[in-house]
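Fold and geometry: a report
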Amino acid sequence: MEDSNKTNNTEQTSGESKSLNFIELIIEEDIRTEKYGKRVHTRFPPEPNGYLHIGHAKSICLNFGLAKKYGGKCNLRFDDTNPTKEDTEYVDSIKEDVKWLGFNWDGEYYASDYFETLYEYAVTLIKKGKAYVCDLTQEEIAATRGTVTTAGSVSPYAQRSVDENIDLFARMRAGEFIDGSKVLRARIDMASPNMLMRDPILYRILHAEHHRTGNAWCIYPMYDFAHGQCDSIEHITHSICTLEFEVHRPLYEWFIQELEIYAPQQIEFARLNINYTVMSKRKLLSLVQENVVNGWDDQRMPTICGLRRRGYTPESLQNFAEIISVAKRDNVIDVSLLEHCLREDLNKKAQRIMAVLQPIKLILTNYPEDKEELLDAVNNPEDATTGTRKVPFSRELYIDQDDFMEIPQHKFFRLSPGNEVRLKSAYIIRCVDVIKNSDGSIKELHCTYDENTRTGMPESNRKVKGTIHWVSAKHAVEFEARLYDKLFLPENPEMVAEGEDFRSNLNPDSLKIITPYAEPFIKNIAVGAIVQFERTGYFCVDIDSTPKQLILNKTVGLKGAWQKTGK
RNA sequence: UGUCCGAUGGUGUAAUUGGCAACACGUUUGGUUUUGGUCCAAAAGAGUCCAGGUUCGAUUCCUGGUCGGACAACCA
């Protein structure tokens, strides 16, 4: 519009310039023109009828992030207009998740706080002749709404007088009518090409107890009649929502205009999709209800509580939201990007320890029977301030099956008969014998160690192709590891054959439970803490852990380029 | 069939007034490394949905298509 004084759509931050997303562009323009003074006030408006997922995390980061960036405010508002589906359990979980993600809201509000005001708005509309009480049944209303290509027909009740409507609406509130017998509708245009404008329902009768207002009301506003006005009441400047509400915008604007109240600006963005998972509340709920997963916080769920339990950090999620940015086109984000953000954060923070997932016994035949050593191991090579720890070493060890090949394939750098390998933070060893069980499987490996190659000794600098992790058998701590994989096999779980649904795409191997061995240090780790098992991946201590049984979730594997093929 | 919205490497997001299509993930290659991790370096990969038009010049502006998504709950 304006052709002068255009804002540059990049920002200068410490020498680097970063592109602004389309919402920031709008906001900066609004600040420049002082459309709302220089105010920026957003809000995150969930319905407390379920648990938040990573799609909500995108919205939370967006709304709170914008407020922070522009020195504005962000409210948390619960859109609790349907008492039959909502509960304080969800209110509490939502608040916990938002806080955990790292955000503090300015105002905590509920649509139900505004029920009286909303009622008055409805009365205002009635008085202007813009709303009427309709006695049509649900089926009749649906039948007379028309279709996307044909107009609907006007309700026979549309011409009731203002006085009659006022009286009827008051009696609806007073509880004189049973559920479903009457509704309040806006009088707009039954022929509108926008279905939402065909005399939409404003209020319905619901003799249901509300989790906050109790039995004070037996009529409740529809979402469409509440949402925009709530934003207006809170003087929200930018009402950011997902694309499917684009069609609702004309209706919200109609209410605002007829009511002559403060007008926020609605901006729609494309919701988040990630491959190999589903993101709809309804589908996630069905996974919970059908016990496909173990609750909303199952470690495989894309819910915020599920990700938290899996070992995701708030920082990694915030960074993810930042990187995927926001736009209006439909998108499917590669799950590898999410995992990258996680690893990037965990790599800096995670304590390293050694654990052997699939053990093979390894005996150092030239190491004294009763000898034990405490070796120094680096806690985190990315953070020198974390220092070192002691790891016990002895004659009998465990190493991982993957680190041994009797007949090494090309480019296999680990242990094989006759070859040397380095035991991390310990000695260089050579495999001299493979002892087998009667069925041909490997019973144990016999190796010799070079006593002059302990880490720190001059001889330890000798070049060896591979370094592997290990655990002293005598000191090994057994624990339970829950190995998680993607919940669905195909990239798009919605892609199914005729007659099937997304459940047919479930990955039967999304959870494997094993009992590996770890170095004793694992006993020092608190519930929720995340560690890196050297060369394997990140794991976090699950809340199911007991003093007797340590349980760790596999958060995400290390990147690992080399894969053993076959077998 | 109606209305609205969208379309840029495999994925996501950029490209200032119309001026060499950039960044990240992923992939591949090389280097460093007592994690086949991290880190460092490099490469491949799009000519911007299509067809016209305006222009010296179009991802950007115009016209017409195509494809994808949303909308017909007394859900949000």
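Thresholds applied
- Residues numbered from 1 in each chain as written.
- Chains lettered and ligands numbered in written order.
- Predicted model: local features only at pLDDT ≥ 70, side-chain atom pairs only at ≥ 80, totals over all residues.
- Heavy atoms only, no water.
- Helix = DSSP H or I, 4+ residues; strand = E, 2+ residues; numbered from the N terminus.
- Rg over C-alpha atoms; globule rule 2.2 N^0.38 Å.
- Buried < 20%, exposed > 50% of the residue type's maximum accessible area, 1.4 Å probe, protein only.
- Areas by Shrake-Rupley, 256 points an atom, 1.4 Å probe, with all protein chains shown as cover.
- Lys, Arg positive; Asp, Glu negative; His and termini not counted.
- Charge placed at Lys NZ, Arg CZ, Asp CG, Glu CD.
- Domains from an automatic or database assignment.
- Contact = heavy atoms within 4.5 Å.
- Buried area = accessible area lost by both parts, 1.4 Å probe.
- Salt bridge = Lys/Arg side-chain N within 4 Å of Asp/Glu carboxyl O.
- Polar contact = N/O pair within 3.5 Å; in protein donor to acceptor, adjacent residues only side chain to side chain.
- Phe/Tyr/Trp six-rings, centres within 6.5 Å; stacked < 30°, edge-to-face > 60°.
- Lys NZ or Arg CZ within 6 Å of the ring centre and 35° of its normal.
- Axes fitted to C-alpha atoms, helices over the stretch in contact; angles between N-to-C directions.
- Parallel < 35°, antiparallel > 145°, perpendicular 65-115°, else oblique.
- Left-handed = near helix turned anticlockwise from the far one by under 90°.
- Pairing = 2+ DSSP bridges.
- pLDDT = per-residue confidence, 0-100.
- Core = buried A, V, L, I, M, F, W, Y, C linked by side-chain atoms within 4.5 Å.
- 1 Å grid on protein atoms, 1.4 Å probe; cavity = no way out; pocket = protein on both sides within 12 Å on 5 of 7 lines; lining within 4 Å.
- Points joined across faces, edges and corners; volume = space filled by probe spheres on them.
- Nonpolar A, V, L, I, M, F, W, Y, C, P; charged D, E, K, R; others polar.

**Overview of the overall build of chain A**
Counting secondary structure elements, chain A contains 12 helices and 30 strands. The C-alpha radius of gyration computed for chain A amounts to 31 Å, which surpasses the reference 24 Å derived for 567 residues by more than 25%, pointing to a less compact arrangement than a globule. For the C-alpha atoms alone, the extent of chain A along its principal axes is close to 100 × 60 × 40 Å. Counting the 567 residues in chain A, one finds 51% classified as buried. Of the roughly 26900 Å² of accessible surface on chain A, 49% is carried by carbon and sulfur atoms. Within chain A, one finds 71 positive and 85 negative side-chain charges whose respective centroids are separated by 4 Å.

**Overview of the domain arrangement of chain A**
Per the domain assignment, the segments of chain A are domain 1 (22-269), domain 2 (281-351 + 480-565) and domain 3 (355-469). Look at where the C-alpha atoms of domain 1 and domain 2 centre, and you get two points 35 Å apart. Facing the 25 residues of domain 1 at the interface are 24 residues of domain 2. Buried area between domain 1 and domain 2, summed over both chains or domains, comes out near 2100 Å², and the portion from carbon and sulfur atoms is 70%. For the domain 1 face of the interface with domain 2, the top three residues by lost area are Tyr51, Ile54 and Trp100, together amounting to 34%. Taken together, the connections running from domain 1 to domain 2 amount to 4 salt bridges. Among the ionic pairs, Glu268 bridges to Lys328, the shortest N-O distance being 3.9 Å. Where domain 1 packs against domain 2, one counts 7 residue pairs in polar contact (both at pLDDT 80 or more).

**A closer look at the packing of aromatic side chains**
Throughout the structure, instances matching the rule amount to 24 aromatic pairs. On the numbers, 5.7 Å between centres and 85° between planes, the contact of Tyr51 with Tyr90 is edge-to-face. In this pair, Tyr51 sits in the loop between β4 (41-44) and α2 (54-69) while Tyr90 sits in helix α3 (residues 88-101), placing the two residues 39 residues apart along the sequence. Relative accessible area serves as the criterion here: at 15%, Tyr51 is assigned to the buried category. Seen from their ring centres, Phe169 and Tyr203 are 5.3 Å apart, and the 70° between their planes marks the pair as edge-to-face. In this pair, Phe169 is assigned in helix α6 (residues 162-174) and Tyr203 in strand β9 (residues 201-205), connecting sequence segments 34 residues apart. Here Phe169 and Tyr203 have matching classes, each one buried. Following the ring pairs from residue to residue traces out a cluster consisting of Phe115, Tyr119, Phe169, Tyr203, Trp217, Tyr220, Phe225, Trp254 and Phe255. Taking NZ or CZ as reference, Lys182 lies 4.3 Å from the ring centre of Phe177, over its face. Between Lys486 and the ring centre of Tyr276, over which it is positioned, the NZ or CZ distance is 4.6 Å.

**Quick word on the packing of helix α11 (residues 314-324) against helix α12 (residues 335-349)**
At a closest axis distance of 9 Å, the pairing of α11 and α12 adopts a crossing angle of 140°. Between α11 and α12, the angle falls in the class oblique. Note on packing geometry: the crossing formed by α11 with α12 is right-handed. Counting all contacts with α11, which are made through Glu315, Ser316, Leu317, Asn319, Phe320, Ile323 and Ile324, the residues of α12 involved are Leu337, Leu338, Cys341, Leu342, Glu344, Asp345 and Lys349.

**Brief notes about unusual backbone geometry**
A positive phi angle, close to 55°, is found at Glu260, a residue other than glycine. Although it is not a glycine, Lys411 adopts a positive phi angle of roughly 70°. When you line up the elements, Lys411 lands in the loop between β18 (396-400) and β19 (420-423).

**Some points on the pairing of strand β30 (residues 551-557)**
β30 sits mainly inside the fold: 6 of its 7 residues count as buried. In this structure, strand β29 (residues 537-541) lies alongside β30, joined through 5 bridges in antiparallel fashion. Looking at the pairing, Cys540 lines up with Asn553 of β30.

**Focus on the confidence of the model for chain A**
This prediction gives chain A a mean pLDDT of 94; 96% of its residues lie at or above 70. A low-confidence stretch, residues 1-16 stays under pLDDT 50, and its non-local contacts, those more than four residues away or across chains, total 20 contacts. Across the whole predicted complex the pTM is 0.94, and at the interface the ipTM reaches 0.96.

**Focus on the nonpolar core**
Formed by 38 residues in total, the largest nonpolar core has its most connected members in Ile54, Ile60, Phe64, Val98, Leu272, Ile274 and Phe320. Elements supplying a minimum of two residues to this core: α2, β5 (73-78), α3, α10 (304-310), α11, α12 and β29. It is α2 that contributes the most residues to this core, 6 residues altogether. For this core, the two domains that each supply at least three residues are domain 1 (22-269) and domain 2 (281-351 + 480-565). Residue contacts for Ile274: discarding those within four places in its chain leaves Ile54, Met279, Phe320, Val332, Ile333, Val335 and Leu338.

**Describing the side chain of Lys283**
Topologically, Lys283 is positioned in helix α9 (residues 281-289). Taking relative accessible area as the criterion, Lys283 reaches 14% and is therefore assigned buried. In terms of polar contacts, Lys283 uses its side chain to reach the side chain of Glu494, at 3.4 Å.

**Concerning the layout of surface pockets**
Of the voids in this model, the largest pocket is the one considered here, and its volume is about 1600 Å³. In terms of lining residues, the largest pocket is bounded by 50 residues, among which Tyr484, Thr536, Lys554, Gly557 and Leu558 are the most central. A per-class count over the lining of the largest pocket returns 19 nonpolar, 13 polar and 18 charged. Here the lining of the largest pocket spans two domains, since at least three of its residues come from each of domain 2 (281-351 + 480-565) and domain 3 (355-469).

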